[in-house]
Amino acid sequence: MNGSRMNGRWKAVIFFLALLLFAPACTTVPGSISLEEPLHHLVVLHTNDHHGHPLKFPHGRVQNAGGLPARASLIQKIRKENPNVLLLDAGDLNTGRSESNLFKAMPDLDGYNYLAYDAMVLGNHEFDNPLSVLRHQMDYARFPLLSSNLRTKDGAPFAQPYILKSYPGFKVAIFGLTLKEASILATPGNVQDLVFEDEIDTAKSLVPRLKQEADLVIGLTHLGIFDSPRHGSRHLASQVSGIDVIVDGHTHTRLESPIIVKDPSGGESIIVQAWKWGLVLGRLDLWIRGGKVKDYRFEAIPINLEETHPPIPEDPTLLKLLQPFADEAEHRLSEIIASLEVPLSSSSARSEEAAIGNLVADSMQWFSARWGSDFALMNGGSVRHDLPAGPVSLKSIYDMLPFDNTIVLITLKGSEVNRLFDFMASIAEGSGAFPQFSSGVNVVLDRTTRKIGRVLIKGEPIDANRSYKIATNSYLAAGGDGYKVFLDAREKFDTAALQQPVLIEYIRSMGLSPKVEGRITIRP
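Rules used throughout
Residues numbered from 1 in each chain as written. Predicted model: local features only at pLDDT ≥ 70, side-chain atom pairs only at ≥ 80, totals over all residues. Heavy atoms only, no water. Pairing = 2+ DSSP bridges. Helix = DSSP H or I, 4+ residues; strand = E, 2+ residues; numbered from the N terminus. Core = buried A, V, L, I, M, F, W, Y, C linked by side-chain atoms within 4.5 Å. Buried < 20%, exposed > 50% of the residue type's maximum accessible area, 1.4 Å probe, protein only. Contact = heavy atoms within 4.5 Å. Axes fitted to C-alpha atoms, helices over the stretch in contact; angles between N-to-C directions. Parallel < 35°, antiparallel > 145°, perpendicular 65-115°, else oblique. Left-handed = near helix turned anticlockwise from the far one by under 90°. Nonpolar A, V, L, I, M, F, W, Y, C, P; charged D, E, K, R; others polar. Expected span 1.5 Å × (residues − 1).

(A) Molecular detail of the pairing of strand E23 (residues 451–457). Sheet topology note: the strand E22 (residues 441–446)/E23 ladder contains six bridges and is antiparallel. The partner of Val443 across the bridge, within E23, is Val455. Counting the residues between successive antiparallel strands, the hairpin from E22 to E23 contains four residues, one of them, Arg450, with a positive phi of roughly 55 degrees. As paired elements, E23 and strand E24 (residues 460–461) share two bridges and run antiparallel to each other. Directly across from Ile457, in E24, lies its bridge partner Glu460. Counting the residues in the hairpin turn of E23 and E24 gives two residues, including Lys458, whose phi is positive at 55 degrees.

Below, the structure written as structure tokens:
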């Protein structure tokens, strides 16, 4: 008996040694015992700067680009093929086409609810409407609208700061950051009771706590991608350790590959952004092991953007849900008021004199002349869409000028007008703050010195001792886009006339033939 028991023990020892000897060679065999942590796969789908484009729309030569019904079909396909999918939006849902604006982004939220977004961060354009509208949107959304650096003046969080998502074998933390400049970019009256805290300080405090709760930390940010590493999401990544991925928005950046930034601890942050208006769906595949990203793959998938690609079908249920909004907008705004021989581009209004900017500014001066306005000034960023050649409908005007700004008359001393032009000389090329003027203004901007070379108003230099009446929009009149000099105005008169109907009446009365005529000269 003793011998047989001893033989059994030796057999067990020999079997155990054999396991130790051959285990390394067997770790790659499916079903075998492995000492290495498992590799997890997560698909992060992302959009940003949707800007009120719930349904397909013309874009360049393509007539039926984008739209939530096509986006839905694409997302549903990806979800069927992958068990772990995270769907995020990096802000600026609001302010775009009339089928969204007329209904305060309700069709867009219906679509996002249908798509089952996991989270969205608050962008600056979420504050285009009064806070009562935003609060209603936040209640209506079946997903959280995040921002960890936004508080009320009494110190209470305005929005949920982050969420935790659990997947088989790993957890993901997603926190939101809204650019602090939203306090300047937003309509001032809508944010006067809010405090936008520093994004870097907020992240430095929050991310270490999230690293203890999750394997992967994602910053869902509305900060922007800039050339300078000292701004936007690049700056965030370089200053805060532990952010594995930054899903960004704000600058409408179209990426072909992610931006990789080293953090202070030597780790890497992957930064992605998905252009604008739902024209592409960003897809970032991540392979995660032991709380670290081991590999990644990125693509920006066009959504019916290319004429040569097979079209992505529209989800019929969502299309049926959203189409009534477009039908109602078309019904309200279908009247043709003019015809345009050549298209007017909106993009150039942010960097130089633009015919479309001249058109809007001239309509403001035409309306305000009855009160003795000397000239009109508006910001190029308030023009959000091109005016295409051909018939011009009311809808075209409301798409071009989506903001419900009124025309305001500001009275400034000549010395303050000089300060105003000095500020405009400092505005960076491409900024929405870039000015557009009515006829009768001639200004020379020096890009190198960022100084005004010359200003003539109705052929005369500015007289520091006289007063000037300036017609502008209510956004700038409240100090928006950095036009703080307007806050010092001796007199301010809000006409209560919205820009869109004023422009419509101007076109009906004066016709439609704007052109560039040397109002702004730029020295390189």
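(B) Structural view of the nonpolar core. Of all hydrophobic cores here, the largest spans 90 residues; its most connected members are Leu42, Phe127, Phe158 and Ile218. Residues contacting Phe158, with those up to four places away along its chain left out, are Leu122, Phe127, Leu131, Leu134, Arg135, Met138, Leu150, Arg151, Thr152 and Leu194. Among the nonpolar cores identified, the runner-up in size contains 32 residues, and Ala361, Leu387, Leu394 and Ala497 belong to it.

(C) Fine view of the sheet that holds strand E5 (residues 119–121). Ordered by their spatial adjacency, six strands build an open sheet running E6-E5-E4-E1-E15-E16, and the pairing between neighbours is mixed. The open sheet has two edge strands with one neighbour each: strand E6 (145–146) and strand E16 (292–302). When E5 meets E6, the two strands line up parallel, connected through two bridges. When the bridges of E6 are listed, Val121 appears paired with Leu146.

(D) Examining the environment of Pro302 more closely. Along the chain, Pro302 falls in strand E16. Along the sequence, Pro302 and Ala274 sit 28 residues apart, while their C-alpha atoms lie 9.9 Å from each other. Pro302 has contacts with Leu279, Val280 and Ile312, leaving out every residue within four places of it along the chain.

(E) Quick look at the sheet that holds E23. Read from one edge to the other, the open sheet built from four strands follows the order E24-E23-E22-E27, with strand pairing classed as mixed. A strand with exactly one partner marks an edge of an open sheet, and here the two such strands are E24 and strand E27 (520–523). Docked against the sheet, helix H13 (residues 414–425) engages E22 and E23, running at close to 135 degrees with respect to E23.

(F) Fine view of the packing of helix H2 (residues 68–81) against helix H4 (residues 106–115). Interhelical geometry of H2 versus H4 gives an angle of 10 degrees and a closest axis separation of 10 Å. Comparing their axes, H4 and H2 come out roughly parallel. As H2 packs across H4, the resulting crossing turns out to be right-handed. Side by side, H2 and H4 meet where Leu68, Arg71, Ala72, Ile75, Gln76 and Arg79 of the first sit next to Pro107, Asp108, Gly111, Tyr112, Tyr114 and Leu115 of the second. Looking at the contact of H2 with H4 residue by residue, the classes come out as seven nonpolar, two polar and three charged.

(G) Inspection of the pairing of strand E3 (residues 62–65) at higher detail. Examined bridge by bridge, strand E2 (residues 57–59) and E3 share two bridges and lie antiparallel to one another. Across the sheet, the residue bridging to His59 is Val62, located in E3.

(H) Inspection of H2 at higher detail. For H2, with 14 residues, the first-to-last C-alpha span of 20 Å sits near the 20 Å given by 1.5 Å per residue. Among the residues of H2, those classed as buried are Leu68, Pro69, Ala70, Arg71, Ala72, Ser73, Leu74, Ile75 and Ile78. Those residues of H2 that are buried lie in contact with strand E1 (40–47), strand E4 (85–89), H4, strand E15 (280–289), E16 and helix H10 (316–333).

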